[in-house]
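# Residue-level structural notes
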Amino acid sequence: MSKSALTLINIAETAKFYTSLCLGTTAFVSVFAFLFLIPFVVDPAINSLLANYDPRPVTCVATTHVYAEGISNCSWSSCREGCTREATRCHQIYVNYSKVPFSQYKNQKLHWDVSDTRFLINTEGCGYPPSVNCSQFAKQYGYGTAGTAFPCYYSRVYSEMVVSRYSWDDTLRHLVLSLAIPNLLFVASVGVLSYWYCPGCGRSCQKYMYHFPEE
């Protein structure tokens, strides 16, 4: 075997080694990324879809805003920065809502379909900065805004559930991406590594080729 052929073989083996290292790292990271996404993206997205919110914003009016401190006083919160820890300070906002679309509201007197129900920033009532800022949320919907109408989204499954943010398209897109990308990367990486290093995989693939007649 010539020296140039040996050099090409060494280059190919080196490239295969580093490619295998990258594929193994990708598979490892994909598993942890998927586990990380389950509580932060997958579960909230599924819960939002199951709640079946009306995609058109309806009309809400805040009735009560309570700011509380202490775990015993914060059994629930309209907004919480962080979904994995207990709230020691919380904003509790109650609203009335009418199923009249907010786009059709013209300062007329409304019949409230549900009164004094809890108002949440999203289905989970929590999130992480910068997308969730509870101080800004409280200023926008609480404090001195009582009596001012604003758009909100109600659940057609749980009529007492009202949130300030909802987009069916965004929710579905985040769910699909968080499920598809880590799993596709994992399957592709493990598939290539299995083909290269599993002795039976290559023979199994070649075995099926004999079922096709040669031209």
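Scroll up a little and you will see the structure.
Structural notes, computed from the coordinates. Computed from a predicted model, the values in this text were never measured in an experiment.

Among the residues of helix α2 (residues 134–141), those classed as buried are Cys 134, Phe 137, Ala 138 and Tyr 141. Buried residues along α2 cover an arc of 95° about the axis, so they all sit on one side. Among the exposed residues of α2, those pointing more than 90 degrees away from its buried face are Lys 139 and Gln 140. Lining the buried residues of α2 we find β1 (58–69), β2 (80–81), β3 (89–101), β4 (114–120) and β6 (149–154). Of the residues flanking the start of α2, the one acting as N-cap is Asn 133, its side-chain oxygen 3.2 Å from the backbone nitrogen of Ser 135. A positive phi of about 50° marks Tyr 143, the residue just after α2.

Turning to the pairing of β1, a few remarks are in order. Judged from the 11 bridges that link them, β1 and β3 form a sheet pairing that is antiparallel. Its bridge partner lying in β3, Ala 68 is registered against Cys 90. Both β1 and β6 contribute to a ladder of 4 bridges, which runs antiparallel. When the bridges of β6 are listed, Thr 59 appears paired with Pro 151.

For the rest of this paragraph, the subject is the sheet that holds β4. The mixed closed barrel is built from 5 strands, whose spatial order is β1-β3-β4-β7-β6. Set on the sheet, α2 makes contact with β1, β3, β4 and β6; between it and β3 the angle comes to about 45°.

With that settled, consider unusual backbone geometry. Cis geometry marks the peptide bond from Pro 129 to Pro 130; its omega dihedral reads 5°. With respect to the helices, strands and loops of the structure, Pro 130 is situated in the loop between β5 (126–127) and α2. The phi torsion at Asn 52 lies on the positive side, around 55°, for a residue other than glycine. Within the fold, Asn 52 resides in the loop between α1 (3–51) and β1.

Before going further, it helps to spend a moment on the state of the cysteines. This structure, assessed with the given rule, holds 4 disulfides. Disulfide partner of Cys 74: Cys 90, at an S-S distance of 2.3 Å. Note on the Cys 74 and Cys 90 pair: the S-S dihedral is about -90°, so by sign convention the disulfide is left-handed. With a gap of 16 residues between them, Cys 74 in the loop between β1 and β2 and Cys 90 in strand β3 connect regions that are remote in the sequence. Residue Cys 90 is classed as buried on the basis of its relative accessible area, which comes to 0%. For Cys 79, the disulfide goes to Cys 134, at an S-S distance of 2.1 Å. Sign of the S-S torsion, about -85° for the bond between Cys 79 and Cys 134, identifies this disulfide as left-handed.

Turning our eyes to something else, we now look at a nonpolar patch on the surface. Judged by side-chain polarity, Phe 28, Val 29, Val 31, Phe 32, Leu 35, Phe 186, Val 187 and Val 190 come together as a nonpolar surface patch covering roughly 720 Å² of accessible area. For the nonpolar patch, the secondary structure elements donating two or more residues are α1 and α3 (168–197). For the nonpolar patch, the element with the highest residue contribution is α1, accounting for 5 residues. You can see Val 29 is positioned in helix α1. A relative accessible area of 45% places Val 29 in the partly exposed class.

Cut-offs used in this document
- Residues numbered from 1 in each chain as written.
- Predicted model: local features only at pLDDT ≥ 70, side-chain atom pairs only at ≥ 80, totals over all residues.
- Heavy atoms only, no water.
- Buried < 20%, exposed > 50% of the residue type's maximum accessible area, 1.4 Å probe, protein only.
- Helix = DSSP H or I, 4+ residues; strand = E, 2+ residues; numbered from the N terminus.
- Arc of directions from axis to C-beta.
- Contact = heavy atoms within 4.5 Å.
- Polar contact = N/O pair within 3.5 Å; in protein donor to acceptor, adjacent residues only side chain to side chain.
- Pairing = 2+ DSSP bridges.
- Axes fitted to C-alpha atoms, helices over the stretch in contact; angles between N-to-C directions.
- Disulfide = S-S within 2.5 Å.
- Patch = residues over 30% accessible without salt bridge, like charges linked within 9 Å, V, L, I, M, F, W, Y side chains within 5 Å.
- Areas by Shrake-Rupley, 256 points an atom, 1.4 Å probe, with all protein chains shown as cover.
- Salt bridge = Lys/Arg side-chain N within 4 Å of Asp/Glu carboxyl O.

It is worth stressing that arrangement in space is one thing and function is another; only the former is reported here.
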